[in-house]
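Here is what each chain is made of, one letter per residue.
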Amino acid sequence: SQQGEEDPQALSIQEGENATMNCSYKTSINNLQWYRQNSGRGLVHLILIRSNEREKHSGRLRVTLDTSKKSSSLLITASRAADTASYFCATLSGANNLFFGTGTRLTVIP
Amino acid sequence: NAGVTQTPKFQVLKTGQSMTLQCAQDMNHEYMSWYRQDPGMGLRLIHYSVGAGITDQGEVPNGYNVSRSTTEDFPLRLLSAAPSQTSVYFCASSYSHWTSTDTQYFGPGTRLTVL
């Protein structure tokens, strides 16, 4: 399966600290996307990085992509309690195969 | 805009029953998809549609049917419910293809339990 895997499965940090989560995948991709899911809610798209990009920023989010290692990382700087959620990476292979990882559960302690 | 709406929010079925999960979007999006989310598995694509009248299978299509008669609606039908279909189902839509930078919008989900 192409399904990505996030690491760690769970992360607990203090408010104001940075949070880093990683995603690994198995085959070549067109792009990689990160989503946030608050408890009991649908997913919210955060950021997309193309296979020919190495780094992308959006507000407090920084995403890196290393296609040689088939991995990506999501950094959330100066975390807030409202960042508490599960974070998923999703990889697009081919035209229509979008695969989601198993998620990282982030808890930000006020 | 209401965005992507799903009904019902919760449903309990008995094995063998059939039902339809409703999904609608009011953003004039061409692309719509159905996913299921199981604990520890992430989301898996069931079926998707690239426009009215066009549907295709995703990663886990068995036991599910879809149709797309209008741009707005994309119902998911369970033909004969099985306990293995107990899951949370999400519908999503986007204006253009996933290979673009376009955002995929998700509905709030339907939690289905099959006894």
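Our structure is the block above this text.
Residues numbered from 1 in each chain as written. Chains lettered and ligands numbered in written order. Predicted model: local features only at pLDDT ≥ 70, side-chain atom pairs only at ≥ 80, totals over all residues. Heavy atoms only, no water.

A. Structural view of the overall build of chain A. Per the secondary structure count, chain A includes zero helices and eleven strands. Ordered by position in the sequence, the α and β elements of chain A form the string β-β-β-β-β-β-β-β-β-β-β. The C-alpha atoms of chain A give 13 Å as radius of gyration, which agrees with the globular expectation for 110 residues (13 Å, within 12%). With the C-alpha coordinates aligned to their principal axes, the bounding extent of chain A is approximately 40 × 25 × 20 Å. In chain A, which comprises 110 residues, the share counted as buried stands at 47%. The contacts of chain A with a sequence gap of at least 6 include a subset with a gap of at least 24, amounting to 55%. Of the accessible surface of chain A, which amounts to about 5000 Å², a share of 44% is contributed by carbon and sulfur atoms. Positive and negative side-chain charges of chain A, numbering 12 and 9 respectively, have mean locations separated by a distance of 6 Å. (Helix = DSSP H or I, 4+ residues; strand = E, 2+ residues; numbered from the N terminus. Rg over C-alpha atoms; globule rule 2.2 N^0.38 Å. Buried < 20%, exposed > 50% of the residue type's maximum accessible area, 1.4 Å probe, protein only. Contact = heavy atoms within 4.5 Å. Areas by Shrake-Rupley, 256 points an atom, 1.4 Å probe, with all protein chains shown as cover. Lys, Arg positive; Asp, Glu negative; His and termini not counted. Charge placed at Lys NZ, Arg CZ, Asp CG, Glu CD.)

B. Unusual backbone geometry, seen in detail. Omega for the peptide link from Asp7(A) to Pro8(A) comes to 0 degrees, which places this bond in the cis form. With respect to the element layout, Pro8(A) can be found in the loop between strand S1 (5–7) and strand S2 (10–14). The linkage connecting Thr7(B) with the following residue, Pro8(B), adopts the cis geometry, with an omega of -5 degrees. Within the secondary structure, Pro8(B) is located in the loop between strand S1 (4–7) and strand S2 (10–13). Of note, Ala78(A) is a non-glycine position whose phi angle comes to about 45 degrees, a positive value. Within the fold, Ala78(A) resides in the loop between strand S8 (71–76) and strand S9 (85–93).

C. Seen up close, the environment of Ala85(A). Residue and element names in this part refer to chain A. One can find Ala85 in strand S9. For the pair Ala85 and Leu32, spaced 53 residues apart in sequence, the C-alpha to C-alpha distance is 19 Å. In contact with Ala85, not counting residues within four places along its chain, are Arg36, Gln37, Asn38, Thr104, Arg105 and Leu106.

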